[in-house]
Every structure is written in structure tokens, then in C-alpha cells.
Amino acid sequence: MAMSQAEEGLNCVSVEWGFGNKMLLYSSIRPPNCQPNTKVKETILREIKWDVLMHQPIIRRLVNESHDIFVSLQTQQFSVKQTGGDERRLVSYSRNYRAIIHACILELQRAAESTLEEADDYIMQSHLFREIDLIWSLAEIFFLDKTPGGVILPKLLEWVCWHFHGGEQLLQELLHSVQRDEGSKPERHNNYWPSVFSFVLQGRLVEARKILALHSKYQSEAFQRLDELLHRMPVYSPGSGYMLQEFELKWRTWQDECCRRVDGGDFSLHQELETVAKILCGEEETFEAMQDLCQNWYHMLISKLLYTNPAVKEFDLQLCTQACIDIYGGNTRLGPVDHILLSVIEYNINQVITESSTHLPLWFVAHITDLLHHAGQLEFARLQYAPVLREFLLLDYVGVMMSHQSLWQVAVDYLDYCPVYGRNHLEIYLERLPLETERKALKVIRMCEQRDLLDLASSISKVMGMRAFHEGHLGTALSWCLRSKNAAFATFISEKFLVDYAEHGDFSHMDMLDNLGQAMLLSSQLTFLGKYREFHRLYESSSFTAAALLLTTLLTTRLAPRKVWLSLLTDALPLLEREELVFSSEQTYELLNCLEELRMMEWMGKKIVDKEKLELLRLALTRNLGKAFIQEGSLN
Amino acid sequence: MSAPYVKFVSQKINKIRWRPSPNPSLEQSTVFATGSWDDEPGQLRVSVWELEPQSEAPPTGDVAEELKLLCDVQHPGDVTALQYLNNDIILTGSSNGTVTVYKHHHRSQTLSAMSSYQHLHGGAAKHHNSCTGVACRELEVATVGEDRTINVLHLEQKTPVRTFDKADSCTINSVAFLKQNELATTNSFGQLKIWDLRQVGSRPARMLLLTGERVPLHCLDKHPTQPHVIATGGQNGMLGVWDLRQEKYPATLLSAHSGDLWEVKFHPTRPDHLFTCSEDGSTWHWDSSAVKEALQAGDVNPWLCIDAAMQKVDISSVIPSNVMPANSLDVAGSTLLCGTDGETIHVMRNLPIK
């Protein structure tokens, strides 16, 4: 991408990183210009954003669904030893994660079928998630779903059957063509023997036998003998009551018989039958010939082990991998997924995590590390920095989510479970969330309050209040101010209300000021405002004595700020002019005192208002004093 | 009660509303509309969905019913208010102050904007121009917003018929039509105001307010058969029930949820049942049908006297497994819909509503 029209005088491109998937490009000078007089034409800032896999609508589902599973996992306790119940729970969480991966793959496939332009993207993404599932399921077998006795092959066979469907596809085509041409012999079809081999390699002997039964020569002796061998193959299942040594003995006996039959030439007439039998004998060259059907070294590994060492222990698996890799071209042909699978087999969690974070989406490595952490596997592998590693991966993942406008709520929940840096990151992120509407601000404030970030909550309320104030919504500003419980802000807003009153001669938002209730105690200015309104209300409802008392109290307790004294005293004028006595002599003395103070300030050079008003007030007050003396004297 | 059906829809739902069915007591509505909020520009939309009718035999635990997206359309700004006017007209309010009228074309299954009132709230201001609530009654529409203004529109006219300009002292959060010519609104200072459309000027006819702390009232709903009873939800999770014939304070104030109570709804045909949803993710079903017998109150609305018989009110959590904030709900017949910030729609069928 070239920056068009290079700005004059600027010779390089500088960049600033934003959150996650954004950066800012601009032209600048290198080295930076120190001369203040140089004129620079206006610089253009260009924001660049790139697509993130996790932000696609279909994959966003994955983010939200996995969030639910993640949060539910964090609240669980698992014992380090992983006894029965705990292990089952961990495996069920793992299966939940995998279920949503499957749902995602299905959605992607459906989407690929319905559109044209983006079909390639969807297909690529579905392949990516298939790889993720492949690795996850293998990791589940090795790290979570421990087999008693360590005999791992049955689970691996299930794994292979689950992920590799070559045999079934071949069979489908075969059956279709058989249905189409009624009279033809199934064995003529190209797929016949490959499908048999596939099923045998995956240990699915029942299906293999059924296909063999379709052969026109099924009744012949050679076929029957092979069928019998397939039928009698011992299969190890953990709960079957077999002891391991018993099983091995039986199996060796069976395989010896297979070899005898082959050597004895039982199948020499039929090349393919002999191949099947040789597989059963575990013959090396036959397996090498099957490499196209197995497609990759791990399938080959499992198939070979099935027929050479079915009772292999989980830790011994890594010894057999090199031979299979060599069949498929050696170490140079291994891709990233192969490396990760190898690391799983070698129980090298560190390597698994490192490779996954480089080649696969952060989503995968963050969640699987967290799962392994809960299973105690990270401590078990003696990774010194295990909890920190988990936290860093989660923080990276949070970064991906925060770069999207709406995923911040999900991200905050993840930060809650990062014990060391989570809170810091949370404060920084929440502070920078754009707040377009009040509703969003309320949600963010609530998140802060829930997590005890009260300063941040108060600060957000202040920002919202100031924003309202600048747009002329004094009442809204007041409501935010009360929310923020910040005295300085309350003082600020009250002063603005008073300015407003001075300008318009009347209060706006009276319904709010009249009903502040307890909230008016937030700051003394606010209290004054509330009380002042009360004074006006009392006056309007003709409770003059109460109004007078309130007014005097406001002045004597100095609750009223000095600048409004004059207007307060002016408000007292109509009360003073009334026929009946409203202010007692003591109150009048207080008022005179205030008047004197005002006059002192005027005399000292601080301009208040015109002198006439002061004189008028003095006159009224002295007259009232006279009235008061007479009335109070005569009452005596 | 069976488990709710959950669908992840990749958009945060702000409003969810059933399409009104022509015959509510016979036919259960199966179509509803949602509006999303807080998303990348260009991703905000109004969508119409259809719920497959439930088969006779109850599902065996596996999710059998399907939710299908019928159509959607891009929406300018967050959808902050959504109402169905009739079978195929949807009204929305936006966070940029615009009120748009959409038509759902049944044959082609598309939504298109028929008309819009641009920048109805806030004008050219940069902030505080969000429309926060919309109420409609036949062709008359009332809208309120963060600019403290109430606009009364008539759908056949391009400009508002009546405007109460900056009539309230702080942000107005919701609006509803009451009796003829009367509107009720709630604002961010705990006040419930009644406005008379025939009166000149911008002052409310009546004002009622919360006791205690003046928290924002987010939502209000009118009792379907007794229009003097109003329920409101507050920012501190409190449910308020008001009697408009009385003085200025709520008849009942109940501490309910632990987060903002975003939406409150009376059941349209069985008003002894009330539903609330909240920021803490919970959605509650309040059943007051046992209160009347307990108090032998005769004709009094049970909601006004639940204080006295609180233990007779049956409160149940409709969607217990939800943790993300529930923003909106709607109920019709015995099915409840709920839209959340976890980008999900929850459908709860066969609610125990007698």
C-alpha cells in the first residue's frame, strides 16, 4: 500500500499501534524536526484495520458460546489428583468446547454452500477449525481422559475413526454404483478393495467383513478363512475384565495363527486377500504400501500399532512416531499441525502451547491452556511459569476481543479470572470505551461498581455529566452528578444553576431541585440550592414565618455563598415590607450583620452592586427592627 | 418447565418484540422482531425471526425446535426502541435520534424502510440525541429521547404533530399511551410524569416520584385492563407499582433484581402475571394470582396490595442459566422471548400461566 501524494517536507511513514487490529499511519520527518519555524502542510492520519478471524459473524458465535463454558469452568474446583468425578467433569467441559467447534464447522460449511464469493474463505476457515478439533481431541485423550492402565490405543482408534472418513466415502460411492448397475459385481469397482483396507486399518472389522460378504466369491475357502481370522481378533476394552497380560497372550496367539496361514499359502491365490492378511500380521512392507489410504503419519502410526503392539502404553507412543514420519517423507515434510500433534504425543505441553500460539488462532490456545491448567496438567509438566503463561494467553485473547466494538462485555469476564494483571487491564480498557449513549454508560458503570472500581465509576459519571452540561442539559448533568457522588462536581453544577437563576430570574428544573431529598447533602452548595428552592416554595405557599426563618438560617450558618447574599437579602425585602411582623428582632440583627459585612467588602474594594440597594435594605431592616421592638416589647 | 431454547445470533439484542397476532387468545404468535446495538458500523440491524411451532409430543431433551431468520435490514445507529404497529409495520428509534418506519413484505420476505423522521431528537447535537422510547396507538406515535423532548407524530405526516420541547428536566427513558390524550413517561430522576396532549405548553399534568433514592426509571408498562396501574423498573433493580388515582408516591416498591431492571411487562391477556428482566442476567416471572384469595381483597388489583401478601406472590426465575445482561423481553400466550448482551435469544415455552 503506497501513500499517495507524499506530503511536502515529510520523508517517512510512522506508525502508532491501536488496540488489537488497528494502527495509525502518518507521514513524518526522520529525524524529528526541531526547528519551530518550519511550516508543515497538514498531515493526514490514516487508520488501518485488518480483519480478525474472531470477528466474523459465524465465528463470533464461538466466542460467545465458549465464554459461557469458560465462566462456568472457572467456578469449579478440581482436585490435583484428578479422581474419577473430577476427571469426568473436566472431560465434559472439553467435550462442550469441542461441540461448539463442531457447530461452528457445520455453520461454515452451510455458509460456504450458500454464497459464491466468500465460499473459499468459509471453506478455509472450516478446515482450520477441523485442525483445531483434531488437536484438541488428541490433547483430551492424552492429558484429560486418562485410561486406567495406560493402554491408549482404543481411544486413539476412536479418534481416528472420528476424524478420518475415507473408508466411508469409498463405501458410499461403491454402494451407489452397485445400486445403479444391478448385475455388476461389486468387486469390480475401483473402491472395493480400498474400502476394505481402510476399514481394516481403522480396526473396524465388522464393516470390513460386511464388505467382504458382498464379494461374489465369498463362499470360497480363502474368503471364509479370512473372515474367521477377522472375526476372532481379540480387542482390548478396559472394562471387559481382561487382565492386560491375558489379552496380550491371546493376541499374540491370534497373530501367530495369521502369520502361519499366510506363510502356509492359504491366501496365495488372491492377492488382495493376502494383503489383508499381511496387515493382520503386522507386516512392515504392507503398511508402507498403504500410505495413500492412511494419508498421514498419525493414522499410519495408530494402524501399525493396532497390528503390532495393541497394548502399547501412552508414554511409549513417542518411540514409534519417527518410523511413520519417515514413511511420509521425513521431518522436513511436517507441517505445523503435525508438529503440534507430535508434541502432544511426546507429552510436551510447553511445545504444544508455543506452536499453537504461533500457528493457530489465539482462541484455541487460550482456552486449552486454561483447561489444562484446571486439570493440573501444567503443574504436572513442571512448567515453572504455568499460571503466568495462562494469564498472558488470556490477556492476548482479551486484546483480540477488545478490538471489536461489541465484544467488550465478554472480554471483561475473562479479565476477572486473570489474578495478576487482570484488574489493571480492566481499568485501562474500561476507561477507554467509547460511550455514545447513556444506556451504555450505565452498563459500564455497573461493571465498575461490581468489581469495586469505584473511582472509575465516579469518573465516568462525571464525564457524562460534563457532556450533558456542555450541551445545555443542566438537569441531566445534575442527575449524573448525584450518581458520581463527587462533592466538587456537585459544587460546580450548583454554581451553574445559580448562574442560570441569576440570568433568568427563575429556576429551571425546579422539579428536580424540589425533590433532591437526601442527595442534597452531597455538597454544601447543593444543600444551599435545595434549601433556597424550599424558601421559594414556602414563600409561594404563604408560610412567611417559616420562610423567614429559613432565610436567616441560610445566611447565619453561612451555607449561602457570599456572592448570593445580596440577592437573598433582596428576597427578604418583600417579607420585611409586610404588615405583620415576619422577622424577629434577633433575625433582623443577623440580617443587619450580613449587610454590614457586605458593605465592608464594598468598602475594601470588592465591588458588589450599587450602593442604593444596600441603602434600601438598611432602611427596610431598620424599620423592621423598630416594628420588632414594639411588638416584642408589647407582648411582654 | 422445560429448559429454554437458546440461539446465538452474533448480535447483541437490545429490543425484542412479538408480532401481534390477530387473535391472541386462539393463535400463538410465531414471528418476532429484534433490534441490535453496540456493534461495528454497518452491522447494526433490525431482524425478523420465525419460531417453528412446537410439535405435539414434548421434545426429548434435545433441541428440536428451530429459529429461522426471515429477513433483516441495516439500521442507522443502535436500535433503542422497537414496536410493532400492526402485522407488518415496525417502528424503531435509533441512537442518532432518528425514528424509522419499516415494512415487512411477506411475499418477498424483506424489510424495507418506508419513511423516517431524521434527527427527531437532539437535532444537530453531537451527544444526547438518542431516542430512548417509542409508543404507538393506531397511527399515532409518541417518542422520547435523551434530549428531554417528547414528540407526538402522526404517521401520515412528515413532521411531528406536537412537541413538548425540553419538557422534562433530565433524560426521559420510556413512554406509554394511557387513556385518551394522555401519555406517561419516566425519567432519570425517578419521576413518573403524566402529560395531557390537549393542554398547551410543556408542563406535565401530574408528577409522581420515587420514595428514597431518586434512581433512573428505565421502563414502564401499563396494566392491560386497568390503566391507572403502572409498573416501572428502576436502575437499582427495584420494581415499582403505581396507582395513578393516588398521591405522588408508588403504591409498592419491591427490591427485586441485583442489577438495572431494563424491561417490565404485564402479560397481555393474564395481567396477574408480570415479567421483568435485568442487567444481572435474570428474568423473573411474578405470579400474583394467589394474592387476591389470600387477602380477600375483592375488586382491588392484586398488584397494588402485594406488600401485604408478599409471600403469596410466586416469583420464579425463567432463564436460570443466563449470565449476560438481559436487555429486553416480550411475552405472548405462554411463550417468553428474551434478548441478551451475550448475543443470544432465549425462547421459553409453556410458561405456567393460568
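Everything numeric here is computed off the predicted structure, so don't read it as measured data.

*Asks:* What am I meant to see in the overall build of chain A here?
*Replies:* Helices and strands together make up the secondary structure of chain A, namely 31 helices and three strands. Relative to the globule expectation of 26 Å for 636 residues, the C-alpha radius of gyration of chain A, 42 Å, shows a markedly less compact shape. Scored against the burial criterion, the 636 residues of chain A give a buried share of 51%. A total of about 31,600 Å² of accessible surface is found on chain A, and carbon and sulfur atoms cover 53% of it. Charge-centre separation for chain A: the mean point of 63 positive side chains lies 4 Å from the mean point of 84 negative side chains.

*Asks:* Can you walk me through the packing of helix α20 (residues 408-416) of chain A against helix α22 (residues 438-450) of chain A in this structure?
*Replies:* To describe two helices that pack against each other, one gives the angle between their axes and the distance between the axes. Residue and element names in this part refer to chain A. α22 packs onto α20 with a crossing angle of 5° between their chain directions and a minimal axis gap of 12 Å. When the interaxial angle is binned, α20 and α22 end up roughly parallel. Packed against α20, whose contacting residues are Trp408, Gln409 and Val412, the element α22 presents Lys440, Lys443, Val444 and Met447 at the interface. For the contact of α20 with α22, the class distribution of residues is four nonpolar, one polar and two charged.

*Asks:* How do you make sense of the sheet that holds strand β17 (residues 206-209) of chain B when you look at a structure like this?
*Replies:* By way of backbone hydrogen bonds, the strands of a sheet pair with one another, either parallel or antiparallel. Residue and element names in this part refer to chain B. Pairing is antiparallel in the open sheet, where four strands are placed in the order β14-β15-β16-β17. With partners counted over all chains shown, the strands left at the sheet margins are β14 (172-177) and β17, one partner each. Direction aside, neighbouring strands of the sheet carry axes that sit 20° apart on average. Note: β14 against strand β15 (residues 182-187), five bridges, orientation antiparallel. Looking at β15, one finds that phenylalanine 177 is bridged to leucine 183.

*Asks:* Looking at this model, I keep getting lost on helix α24 (residues 474-484) of chain A. Mind explaining?
*Replies:* Residue pairs spaced three or four apart in an α-helix point in one direction, given the helix's 3.6 residues per turn. Residue and element names in this part refer to chain A. Summarising burial for α24: eleven of the eleven residues are buried, a large majority. Residues of α24 that are buried sit in contact with α22, α23 (454-470), α25 (487-504), α26 (510-514) and α27 (524-540). Looking one or two residues past α24, lysine 485 carries a phi angle of roughly 50°, positive in sign.

*Asks:* Whenever I open this one, a negative patch on the surface confuses me. Can you help?
*Replies:* On the surface, Asp51, Glu117, Glu118, Asp120 and Asp121 of chain A cluster together into a negatively charged patch. Structurally, the position occupied by aspartate 121 of chain A is in helix α3 (residues 119-144).

*Asks:* Where do I start with the sheet that holds strand β2 (residues 13-18) of chain B in this structure?
*Replies:* Residue and element names in this part refer to chain B. The strand order across the open sheet formed by four strands is β2-β3-β4-β5, and the pairing between neighbours is antiparallel. The open sheet has two edge strands with one neighbour each: β2 and β5 (67-74). Here the strands of the sheet are splayed against their neighbours by 20° on average, with no regard to which way each runs. In this sheet, β5 lies alongside strand β4 (residues 45-51) in antiparallel orientation, the contact comprising seven bridges. By the bridge assignment, valine 48 is partnered in β5 with cysteine 71.

*Asks:* Mind showing me how you'd approach the environment of aspartate 396 of chain A here?
*Replies:* With respect to the element layout, aspartate 396 of chain A can be found in helix α19 (residues 386-402). For the pair formed by aspartate 396 of chain A and phenylalanine 489 of chain A, sequence separation is 93 residues and the distance between their alpha carbons is 37 Å.

*Asks:* Got a minute to help me understand the nonpolar core in this structure?
*Replies:* Within soluble globular proteins, side chains that are nonpolar generally end up buried alongside one another. Residue and element names in this part refer to chain A. Core analysis: the largest hydrophobic core is formed by 152 residues, its most contacted members being Phe129, Phe142, Leu212, Trp297 and Trp363. The element best represented in this core is α3, accounting for twelve residues. Every residue in contact with tryptophan 297, bar those within four places of it in the chain, is listed here: Thr321, Cys324, Ile325, Tyr328, Leu334, Asp338, Leu341, Leu342 and Ile345.

*Asks:* Where do I start with the side chain of threonine 276 of chain B in this structure?
*Replies:* Residue and element names in this part refer to chain B. Along the chain, threonine 276 falls in strand β23 (residues 273-278). Polar contacts involving the side chain of threonine 276 include one to the side chain of tryptophan 286, which spans 3.1 Å. If we ignore the near neighbours within four places in the chain, the residues touching threonine 276 are Leu239, His257, Leu261, Glu263, Val264, Ser282, Thr283, Trp284, Trp286 and Leu329.

*Asks:* Would you mind going over the packing of α24 of chain A against α25 of chain A with me for this structure?
*Replies:* All names here are of chain A. Here α24 crosses α25 at 160°, and the two axes come no closer than 9 Å. Judged by the angle between their axes, α24 and α25 are roughly antiparallel. Note that α24 runs across α25; the crossing there is left-handed. Residues Leu474, Gly475, Ala477, Leu478, Cys481 and Ser484 of α24 lie in contact with α25, whose contacting residues are Phe489, Ala490, Ile493, Lys496, Phe497 and Asp500.

About the criteria used
Residues numbered from 1 in each chain as written. Chains lettered and ligands numbered in written order. Predicted model: local features only at pLDDT ≥ 70, side-chain atom pairs only at ≥ 80, totals over all residues. Heavy atoms only, no water. Helix = DSSP H or I, 4+ residues; strand = E, 2+ residues; numbered from the N terminus. Rg over C-alpha atoms; globule rule 2.2 N^0.38 Å. Buried < 20%, exposed > 50% of the residue type's maximum accessible area, 1.4 Å probe, protein only. Areas by Shrake-Rupley, 256 points an atom, 1.4 Å probe, with all protein chains shown as cover. Lys, Arg positive; Asp, Glu negative; His and termini not counted. Charge placed at Lys NZ, Arg CZ, Asp CG, Glu CD. Axes fitted to C-alpha atoms, helices over the stretch in contact; angles between N-to-C directions. Parallel < 35°, antiparallel > 145°, perpendicular 65-115°, else oblique. Contact = heavy atoms within 4.5 Å. Nonpolar A, V, L, I, M, F, W, Y, C, P; charged D, E, K, R; others polar. Pairing = 2+ DSSP bridges. Patch = residues over 30% accessible without salt bridge, like charges linked within 9 Å, V, L, I, M, F, W, Y side chains within 5 Å. Salt bridge = Lys/Arg side-chain N within 4 Å of Asp/Glu carboxyl O. Core = buried A, V, L, I, M, F, W, Y, C linked by side-chain atoms within 4.5 Å. Polar contact = N/O pair within 3.5 Å; in protein donor to acceptor, adjacent residues only side chain to side chain. Left-handed = near helix turned anticlockwise from the far one by under 90°.

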